[in-house]
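If you want the building blocks of each chain, they are given just below.
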Amino acid sequence: MARYARVKGSIALITLTNPPVNALSAAVRRGIMESVSRALKDEQVKAVVFCGENEKFCGGADIKEFSGSMSGPPLVPLIHSIEAGEKPMVAAIEGVALGGGLELALGCHYRVANTKACLGLPEVTLGLLPAAGGTQRLPRLIGIPAALELITTGRHVSAQEALQLGIVDQVAQGSAVQAAMELALSVIGQPLNPRRLSLRAPVWAPDVDGVCDAALAQVKQRSRGAMAPVACVQAVRAAAMLPYSKGMERERQLMDTLFRSGQAQAMQYAFFAQRNAGKWSLPNGSQWNNTRARDVQRAGVIGLGTMGRGIAVSLVKAGISVVAIETDAKQLESGKKAVTAMLQRDAQRRGVSPPLHLLTFTLSFHQLRDVDLVIEAVFEDMNLKKRVFSDLCKVLRANSLICTNTSGLNVDELAAVTDRQPLVVGMHFFAPAHVMKLLEVVYGARSSPEAVATAMALGKRIEKVCVAVGNCSGFVGNRMLKLYLDQSVYMLEEGATPEQVDQALEEFGFAMGIFKVSDLSGLDVGWRVRKASGLIGPDVDPVKPSRWRLGRRYCPLPDMLCQQGRFGQKTGRGWYLYDSPGSKEAKSDPEIQTFLEDYRRKYGIIPRRITSQEVIERCAFALANEGFRILEDRIAASPEDIDVIYLFGYGWPRHRGGPMFYASQVGLSVVLEKLEHYHRIHPDVPSLEPSRLLRRLVAEGSPPIQQWKSHIKNLRSHL
Ligand SMILES: CCCCCC/C=C/CC(=O)SCCNC(=O)CCNC(=O)[C@H](O)C(C)(C)COP(=O)(O)OP(=O)(O)OC[C@H]1O[C@@H](n2cnc3c(N)ncnc32)[C@H](O)[C@@H]1OP(=O)(O)O
């Protein structure tokens, strides 16, 4: 779908019309092809302007088409025909020009953007490369180093930056379409060859080979096994070394390999999963499009520890007034300093003034009387939180929402102490809360759909990726994490070292292995939770603590580390050794090796070699298995929601899609077989027993993940 109109007597205006982002579907490509041919044939037409409907130029290829059989006119020859056209072609870029959209603009002879436009080649984030000439034309326009940076990161640039880089010729203050038409009229009759990027040599740079080698080393280090960034460098290198036609061939070969790869499928799945998470639904049928969220203008934040500070910063940055409360004057002062400094740093980076006027710091709960919503972020202690909740009810308006930032406590139990159970929800932020993208919005048994809608909308406003989840211990993320942690420490008992486990996980694609992450978050956090849950108590033998608790296998290694004061980075010692408390570089600690050897001797465990494959299988399949149980229990509405939680909150590598997607990609019957195998060897670990849902899905022929939701609905009645 492309609309053709002749305007100003001699301009053909071709408008891409495919809402919401004018993606280049087969119909759009056909529409462009027909319109270009019409414009070239029409003698009245002297120049052509391309634009997108609703002030959005084009969001790129239609990603939905990638999973089907591609039909319609291919993009490469289409863009070539635009570039080769004997009339000036001008792209009028408003809103977005991304991926194939920018490549279409690069095929034009001129580009005009309006001030709000954003441009980029984000294909790498979908496991692909810009294969409609983007890797060959962009370096010819802006040079190899700048093109490498943009293509390997997929970063979007503003119109202003695009002008500085030379991607656009002009930035219009008003309508880009008007400005493009004026430009088009002014260039009629001028030679077009100098404007055809395919005819240019890449902008010269000294030591291109060295630049490409450095970029390759950087992406390999950063992308941890992701293929696309490496292929992007190879394609840009081809632009530097080969004639245009040969470079295009190389671009196509590399794209063919990526396009067929499981990584591209995983990343495209992740793209849609992230967007689908916003389309939440509750078991009672309420959902995102039938429930209104309340407007939140003023919010309270209770507790200015690490979490409260990050939450306050996120809210204020989104323009929400915040009343920040502490109970102790010293804490309040240090919280105030930290929040102010974070906002100042952020504002400085963005060249704006910090919105400090939106903040009130106080010791008095009474200042909360006219807030729309409160986020409680006090210490993770049920009794303390209950006290705060009942105190809040005394001062808040009757219709204010109360949200708890808990990482796993029972939201219903907390709601029960209030006078407003329908207005209570969990908002589980991840540390640091102003940085981490994930927000689990936890609905309790009596939470109203309106409260859920409000928390989800608020989360979106503060730029979080929000997932609505049911109430259970640990919700989705931490409930699954527990089993992943369990497997990791069991493998230490059986013969592995923290380094081996972490290395396997990092090679799989995690930015950090589980033991490094534990050191970063602090081992004392889990220790406190285990104490509170009764797993650690006075009856535990301090010399030889039991490896069997509450009827199942238990690994006391993390407790033993905590007893030695090894809390991780903060104490300079944890699973690893650090130069000093607070330093970040993890080093192997020979003491840990000796400690593990002594431990195994004490319990009569004969160590064995644990392969990387076993590490991945036991960690990833334990996660997925619990994910299936979470789906059975309706704690998550879909496997996509679980994957989004792992992608945005737990560092799961995007090119592996998420634990549920990974299980589907490996094959459900393989996952089932492996879990049966590991459960046979470890019958004292009930979580390794394959879930009923996994068995059922395998029995139903292992449907693709997109179909699980409907299978789950049918299966629930049988379970
Ligand atoms: C061998 C093959 C040769 C092929 C050669 C050509 C190859 C070209 C490669 C490409 O062009 S790949 C695509 C590159 N483009 C992108 O990656 C952009 C993706 N989109 C976005 O980043 C964002 O959506 C946006 C455009 C910045 C808009 O963000 P906003 O927050 O405003 O809205 P969203 O909620 O993200 O999206 C709204 C709606 O639109 C759907 N959508 C967005 N982009 C596409 C797309 N390119 N294709 C299909 N659908 C798209 C998105 O899924 C949302 O849909 P919903 O149903 O409303 O959830």
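Just so it is clear, the model here is predicted, and its values are computed rather than measured. (Residues numbered from 1 in each chain as written. Predicted model: local features only at pLDDT ≥ 70, side-chain atom pairs only at ≥ 80, totals over all residues. Heavy atoms only, no water.)

This brings us to the packing of helix H17 (residues 477–494) against helix H23 (residues 612–632). Packed helix pairs are characterised by how far apart their axes lie and by the angle those axes make with each other. Interhelical geometry of H17 versus H23 gives an angle of 150° and a closest axis separation of 9 Å. As the angle between them shows, H17 and H23 are arranged roughly antiparallel. By crossing handedness, the relation of H17 to H23 is classed as right-handed. Where H17 abuts H23, its residues Arg-479, Met-480, Leu-481, Leu-483, Tyr-484, Gln-487, Ser-488, Tyr-490, Met-491 and Glu-494 lie against Glu-614, Val-615, Arg-618, Cys-619, Ala-622, Leu-623, Glu-626, Gly-627, Arg-629 and Ile-630. (Axes fitted to C-alpha atoms, helices over the stretch in contact; angles between N-to-C directions. Helix = DSSP H or I, 4+ residues; strand = E, 2+ residues; numbered from the N terminus. Parallel < 35°, antiparallel > 145°, perpendicular 65-115°, else oblique. Left-handed = near helix turned anticlockwise from the far one by under 90°. Contact = heavy atoms within 4.5 Å.)

As a further point, take the UniProt feature "domain: 3-hydroxyacyl-CoA dehydrogenase C-terminal" (unreviewed entry) in the protein chain. According to UniProt, the "domain: 3-hydroxyacyl-CoA dehydrogenase C-terminal" (unreviewed entry) feature falls on residues 474–578 and 615–702. Secondary structure across residues 474–578 divides into 51% helix and 4% strand, with the first and last C-alpha atoms of the span separated by 30 Å. Helix makes up 67% of residues 615–702 and strand makes up 0%, while its end C-alpha atoms are separated by 24 Å. (UniProt positions renumbered as here; feature names shortened; annotations may be inferred.)

Summed over all chains, the structure comprises 16 aromatic pairs. Ring centres of Trp-527 and Phe-567 lie 6.0 Å apart, and the angle between their planes is 50°; this geometry places the pair in the tilted category. Of this pair, Trp-527 sits in helix H20 (residues 523–532) while Phe-567 sits in the loop between helix H21 (557–563) and helix H22 (590–603), and the two are 40 residues apart along the sequence. On the basis of relative accessible area, Trp-527 is assigned to the buried category, the value being 15%. One aromatic cluster is present, built from ring pairs that chain together Tyr-484, Phe-508, Phe-510, Phe-621, Trp-652 and Tyr-662. A cation over an aromatic ring shows up here: Arg-275 above the ring of Phe-271, its NZ or CZ 3.7 Å from the ring centre. Between the NZ or CZ atom of Arg-656 and the centre of the ring of Phe-508, over which it lies, the distance is 4.2 Å. (Phe/Tyr/Trp six-rings, centres within 6.5 Å; stacked < 30°, edge-to-face > 60°. Buried < 20%, exposed > 50% of the residue type's maximum accessible area, 1.4 Å probe, protein only. Lys NZ or Arg CZ within 6 Å of the ring centre and 35° of its normal.)

Below, the discussion takes up the site of the ligand. Looking at the ligand, there are 22 residues lining it, with Gly-59, Ala-61, Gly-100, Arg-275 and Lys-279 nearest. For the ligand, an oxygen atom lies 2.8 Å from a polar atom in the backbone of Gly-100. One of the side-chain N or O atoms of Lys-279 is found 2.7 Å from an oxygen atom in the ligand. In isolation the ligand has 1100 Å² of accessible area, and contact with the protein removes 72% of it. Of the residues belonging to the shell around the ligand, the class tally is 13 nonpolar, 4 polar and 5 charged. (Near = heavy atom within 4 Å. Polar contact = N/O pair within 3.5 Å; in protein donor to acceptor, adjacent residues only side chain to side chain. Areas by Shrake-Rupley, 256 points an atom, 1.4 Å probe, with all protein chains shown as cover. Nonpolar A, V, L, I, M, F, W, Y, C, P; charged D, E, K, R; others polar.)

Okay, unusual backbone geometry next. Cis geometry is adopted by the peptide bond preceding Pro-20, which originates at Pro-19 and carries an omega value of 5°. Along the chain, Pro-20 turns up in the loop between strand E2 (11–16) and helix H1 (26–41). Residue Pro-432 is bonded to the preceding Ala-431 through a cis peptide linkage, with omega at -10°. With respect to the helices and strands, Pro-432 occurs in the loop between strand E15 (424–429) and strand E16 (438–443).

Below, the discussion takes up empty space enclosed by the protein. Per the stated rule, a full pass over the model turns up 1 cavity of 30 Å³ or more. Of the volumes computed, that of the largest cavity is approximately 40 Å³. Lining the largest cavity are Ile-536, Val-540, Pro-545, Arg-549, Pro-556, Asp-559, Met-560 and Gln-563. At 3 residues, the largest contribution of residues to the lining of the largest cavity is made by H21. Class assignment for the residues of the lining of the largest cavity results in 5 nonpolar, 1 polar and 2 charged. (1 Å grid on protein atoms, 1.4 Å probe; cavity = no way out; pocket = protein on both sides within 12 Å on 5 of 7 lines; lining within 4 Å. Points joined across faces, edges and corners; volume = space filled by probe spheres on them.)

With that settled, the discussion passes to the environment of Trp-548. Within the secondary structure layout, Trp-548 lies in strand E18 (residues 548–549). Overall, Trp-548 belongs to the partly exposed group, its relative accessible area being 49%. Remark: the alpha-carbon pair of Trp-548 and Leu-535, spanning 13 residues in sequence, is separated by 10.0 Å. If we skip the residues at most four places from it in the chain, Trp-548 touches Arg-553, Tyr-554 and Asp-684.

This part is about the sheet that holds strand E12 (residues 359–362). Taken together, 8 strands build an open sheet; the order of strands is E12-E11-E10-E13-E14-E15-E16-E17 and the sheet is mixed. Lying at the two open borders of the sheet, with one neighbouring strand each, are E12 and strand E17 (465–470). Strand-to-strand twist of the sheet, defined as the mean angle between neighbouring strand axes without regard to direction, takes the value 25°. Looking at chain direction, strand E11 (residues 321–325) and E12 are connected through 4 bridges and run parallel. Opposite Ile-325, over in E12, you have Thr-362 as the bridge partner. Together, E11 and E12 form the strand contacts of helix H13 (residues 329–350), whose direction differs from that of E12 by roughly 165°. (Pairing = 2+ DSSP bridges.)

This brings us to the sheet that holds strand E7 (residues 118–120). Strand order in the open sheet made by the 3 strands is E5-E7-E8, with mixed pairing throughout. The sheet terminates laterally at strand E5 (96–98) and strand E8 (157–158), the two strands that pair on one side only. The sheet contact formed by E5 and E7 spans 3 bridges and is parallel. Residue pairing in the sheet places Leu-98 in a bridge with Gly-120 of E7.

The UniProt feature table records "domain: 3-hydroxyacyl-CoA dehydrogenase NAD binding" (unreviewed entry) at residues 299–471. Annotation note: span residues 299–471, helix share 38%, strand share 23%, distance between end C-alpha atoms 23 Å.

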